[in-house]
Amino acid sequence: MAVRFQITIDCQDADAMSAFWSAALGYVVEPPPAGFLSWEDFLRSNDIPLPPARSISAIVDPDEIGPRILFLRVPEPKTVKNRVHLDIRSDRTDDGKRQKISELVEAGATEVRRVDEHGGWWMVMHDPEGNEFCVT
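Everything numeric in this text was worked out from a predicted model, so none of it was measured.

A.B. asks: Report on unusual backbone geometry, specifying residues and quantitative values.
C.D. replies: Most of the time, phi is negative for any residue but glycine, and the peptide bond is trans. Residue D47 is not a glycine yet carries a positive backbone phi of 55°. Positionally, D47 belongs in the loop between α2 (39-45) and β3 (56-60). The exposure class of D47 is exposed, given its relative accessible area of 73%. A positive phi angle, close to 55°, is found at H118, a residue other than glycine. Residue class for H118 comes out exposed when judged on its relative accessible area of 79%.

In structure tokens, the structure reads:
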């Protein structure tokens, strides 16, 4: 039986990362629990201290298929290559890949390099905080 999981990404600005990755993946910022107008209302009503602004945010698949992605502020900046990264699987046509890459650049990503291998290609990119990901 499969286990539900989330992906946690360290960052400097959780709100900005949620905005970028929700646009990139077609996700939405996670809504507060039922009966609450905001996460702040939920936290206050449960006597949970409010976190500092822009320090935590989560996005979810609106179809509830993909994993939840949590963004957490950490004190140190990113310094080395990721050991794990996300691949965005776009339309397999060249035009489809180029369209997705263009959308991601407009949302704040940076093209790093195109990789041509085994008769196909993909684009290595950076998100707004420099984390690597690929468009395949």
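A.B. asks: Residue-level account of the sheet that holds strand β5 (residues 86-88), with values.
C.D. replies: The strands that make up a sheet are held in pairs by hydrogen bonds between backbone atoms, and each pair lies either parallel or antiparallel. Spatial ordering of the open sheet is given by β5-β8-β7-β6, a layout of four strands whose pairing is mixed. Each of the sheet's edge strands pairs with one partner strand only, and the pair in question is β5 and β6 (110-117). Along the sheet, successive strands turn relative to each other by an average axial angle of 25°, direction set aside. Taken together, the seven bridges between β6 and strand β7 (residues 120-126) define a ladder with antiparallel strand orientation. Directly across from E117, in β7, lies its bridge partner G120. Together, β5 and β8 (132-135) form the strand contacts of helix α1 (residues 14-25), whose direction differs from that of β5 by roughly 45°. Docked against the sheet, helix α3 (residues 94-107) engages β5, β6, β7 and β8, running at close to 5° with respect to β7.

The rules behind these values
Residues numbered from 1 in each chain as written. Predicted model: local features only at pLDDT ≥ 70, side-chain atom pairs only at ≥ 80, totals over all residues. Heavy atoms only, no water. Helix = DSSP H or I, 4+ residues; strand = E, 2+ residues; numbered from the N terminus. Buried < 20%, exposed > 50% of the residue type's maximum accessible area, 1.4 Å probe, protein only. Pairing = 2+ DSSP bridges. Axes fitted to C-alpha atoms, helices over the stretch in contact; angles between N-to-C directions. Contact = heavy atoms within 4.5 Å.

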